Amino acid sequence: MAKLVSMVPLLKAAERRSQENPGNGSSIGAFNVNFYAQAEGILEGLRRAGAPGIIQASRGANKFQGGASKIQDMVLRAMSSLKMDNYPVCLHLDHGTPETCVDCINSGFSSVMVDMSEEPLERNIAVTAEIVKIAHKKGVSVEGEYGGLGGVEEDVEQQAVYSNPLLVPYFFAETGADALAVTYGTSHGPNKFGPEVNLDHVLRIEVVEKSYRGLVAYGLNEKCFLVGHGSSTIPKDIVAEINANGGKLKDARGVPLEKIIAGRNAGIRKFNIDTDLRLGITAEFRKYLYKDNPDIVKKCEPLRLAKDVFDGKIAAKDKDGKPVDPGKLTDPRSYLDPIDREILRKDYRGTEMEELMTRVKNRVAAHVEMLVTQVFNCAGLADAVKA
Ligand code: G3H
Ligand code: 13P
Ligand code: ZN
């Protein structure tokens, strides 16, 4: 049976490597998961690089798969299938409420994020501290957030919300949390910045630098870690591939690799990646269904249903049930929605979906391997976590 670890030993190994290599920091990738082939892809990418890693499931992912214990079981099976039972992997709840945190702690997750960032600071701190008490009793790590992610539209840069670095040591001291999401100008999704936005103005790496310096000053940097949400890079070739096969994505723009590296060198130890994987998976689905194997839908009912969503024959909805233009679909859960979740949680080998799911797995693995090796600088760090 595979074993999960909290995020603390992973982030600590990255912090130690950063201290040993001044000016060339290290961080850990946290990748969102929604179905089995995606879990295998993340694990395969980590293994190829010898990197430790975090697999995270949002509340939406838990809902999609019918609960935290189903996600936990799915990830453990993927680890066993890849013979990674003792590999340093953390299973983390992304953007949880207090209720989902407790559910995930009781369902075998090794880490949770309690996102009280919409609440006033003092209530945020009180609730986060409560979750820390419950989680730490079971060896589960906790990430908090305050401030809120920036939403930068078109060229309106002022809308971004930035963390106050002076409050970072205070938040850690008052809550006992292990990690804190700091907001320095990134946001979720494929359209992070309008085409006219000057990233040197919007992305304030100095927020990270000052926050990290505060941790060092209080001697907290080996037990309290900074997290960067909204870190997808949105590769242009993937967007082009989606659009070449019927997609209609416009003005997609992510965080450039050099900015992630700057954030890493400034002190971020966990980077969250969801959208990059969604886009890669969507590119693979579109290419397979529209270009490489359009006849598959005649013999594979689940893929026929997915294609019906892309074709607009079945209404495309987002995870909250709101309508989406089929050309703008980027969330696999939208086109996988009509498919039996049981099938999506299972190993795809030996099914009619094998070829596509193998492509999905390899696409995810290649991107994860690239990021952990070239950008996060945590390749080869798995052994340091085990030690
Ligand atoms: O928080 C954002 C992550 O990308 C998860 O997104 O809630 O759509 O699963 P989700
Ligand atoms: P992206 O949308 O940039 O992948 O951000 C993911 C994230 O922050 C998950 O919590
Ligand atoms: Zn996030």
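Please read these numbers as outputs of a predicted model, since none were measured by experiment.

Definitions and cut-offs
Residue numbers run consecutively from 1 along every chain, following the written order of its sequence. The order in which chains are written sets their letters, starting at A; the order in which ligands are written sets their numbers, starting at 1. Confidence filtering applies because this is a predicted model: local features only for residues at pLDDT of at least 70, side-chain atom pairs given and counted only at 80 or more, and all residues used for totals across whole chains, interfaces and linings. As a convention, hydrogens and water are excluded, and side-chain values are obtained from all of the structure's heavy atoms. By definition, any uninterrupted DSSP run of H or I lasting at least four residues is a helix, any uninterrupted run of E lasting at least two residues is a strand, and each is numbered from the N terminus. With residues, only the protein chains shown are counted as cover, and all accessible areas are computed by Shrake-Rupley using a 1.4 Å probe. Any pair of residues with heavy atoms lying within 4.5 Å of one another is described as a contacting pair. Nearness here has a simple test: a residue counts as near a molecule or strand if at least one of its heavy atoms is within 4 Å of that partner. Nitrogen and oxygen atoms within 3.5 Å of one another constitute a polar contact, given that in protein one can donate a hydrogen and the other can accept it, and given that sequence-neighbouring residues count only through two side-chain atoms. Residues are sorted three ways: Asp, Glu, Lys and Arg are charged, Ala, Val, Leu, Ile, Met, Phe, Trp, Tyr, Cys and Pro are nonpolar, and all the rest, Gly among them, are polar. By convention, a stacked pair of Phe, Tyr or Trp rings (six-membered ring in the case of Trp) has centres within 6.5 Å and planes under 30 degrees apart, an edge-to-face pair has planes over 60 apart, and any other such pair is tilted. For the exposure calls, accessible area comes from a 1.4 Å probe over protein chains only, and a residue counts as buried if that area is under 20% of its type's maximum, exposed if over 50%, partly exposed in between. A ring is scored as having a charge over it whenever the NZ atom of a lysine or the CZ atom of an arginine sits within 6 Å of its centre and within 35 degrees of its normal. Here the expected span of a helix is defined as 1.5 Å times the quantity of residues minus one. Strand pairing requires that DSSP identify at least two bridges connecting the strands. If the strands point away from the viewer and the path from the first strand over the helix to the second runs clockwise, then the crossover is right-handed.

(A) Structural context of the overall build of the chain. For the chain, the helix and strand inventory stands at 18 helices and eight strands. With the principal axes as the frame, the chain shows a C-alpha extent of 65 × 50 × 40 Å. Total accessible area computed for the chain in this model is approximately 15100 Å², and 50% of it derives from carbon and sulfur atoms.

(B) Region of the structure containing the environment of G45. Mapped onto the elements of the fold, G45 is located in helix 2 (residues 36-49). When the C-alpha positions of G45 and I281 are compared, they lie 15 Å apart, and in sequence the two are 236 residues distant. Each residue touching G45, except ones within four places of it in the same chain, is listed here: A365, V368 and E369.

(C) Inspection of the site of ligand 1 at higher detail. Around ligand 1, the structure places N32, S58, D94, H95, H188, D274, R278, K319 and R333. H95 has a polar side-chain atom sitting 3.2 Å from an oxygen atom of ligand 1. At 2.8 Å from an oxygen atom of ligand 1 is found a side-chain nitrogen or oxygen belonging to R278. Isolated, ligand 1 exposes 300 Å² of accessible area, and the fraction of that covered by the protein chains is 82%. Residues belonging to the shell around ligand 1 are distributed by class as follows: no nonpolar, four polar and five charged.

(D) Geometry of the packing of aromatic side chains. Counting across every chain of the model gives seven aromatic pairs. Taking 5.3 Å as the distance between ring centres and 10° as the angle between the ring planes, the aromatic pair formed by F271 and F376 counts as stacked. In this pair, F271 is assigned in strand 8 (residues 268-273) and F376 in the loop between helix 17 (354-375) and helix 18 (382-386), connecting sequence segments 105 residues apart. In this structure, F271 and F376 share a single accessibility class: buried. The structure contains a cluster of three or more aromatic residues connected by ring pairs, namely F285, Y290, F310 and Y335. When the ring centre of Y162 is taken as origin, the NZ or CZ atom of R204, which lies over that ring, is 4.0 Å away.

(E) Representation of helix 1 (residues 7-20) in the model. In this model, helix 1 (14 residues) spans 20 Å end to end at C-alpha, consistent with the 20 Å of a helix rising 1.5 Å per residue. Among the residues making up helix 1, those that are buried are M7, L10, L11, A13, A14, E15, R17 and S18. If you check the start of helix 1, you find a side-chain oxygen 3.1 Å away from the backbone N of V8, and it comes from S6.

(F) The site of ligand 2, seen in detail. In the region of ligand 2, 15 residues are neighbours, and D94, K192, S232, D274 and T275 sit closest. Separating an oxygen atom of ligand 2 from a backbone N or O atom of S231 is a distance of 3.2 Å. Interatomic distance of 2.7 Å between a backbone N/O atom of D274 and an oxygen atom of ligand 2. Bound to the protein, ligand 2 loses 97% of the 300 Å² it would expose on its own. For the shell around ligand 2, the elements supplying multiple residues, two or more each, are strand 3 (89-96) and strand 8.

(G) Quick look at helix 9 (residues 205-217). Over its 13 residues, helix 9 runs 18 Å from end to end, which matches the ideal 18 Å to within 8%, given 1.5 Å per residue. Of all the residues in helix 9, the buried ones are I205, V207, V208, S211, Y212, G214 and L215. Residues of helix 9 that are buried in the fold lie against helix 1, helix 7 (168-175), strand 7 (225-228), helix 11 (257-266) and strand 8. Downstream of helix 9 by a residue or two, G219 has a phi angle that is positive, lying close to 65°.

(H) Quick peek at the pairing of strand 2 (residues 53-58). With six of six residues buried, strand 2 is to be regarded as a mostly interior element. In the sheet, strand 1 (residues 28-32) pairs with strand 2 via three bridges, with the strands oriented parallel. Looking across to strand 2, one finds that N32 is bridged to Q56. Where the polypeptide runs from strand 1 across helix 2 and back to strand 2, its parallel neighbour, the crossover connection is right-handed. Direction of pairing for strand 2 relative to strand 3: parallel, over a ladder of six bridges. The partner of I54 across the bridge, within strand 3, is C90.

Keep in mind these values describe shape, not function.
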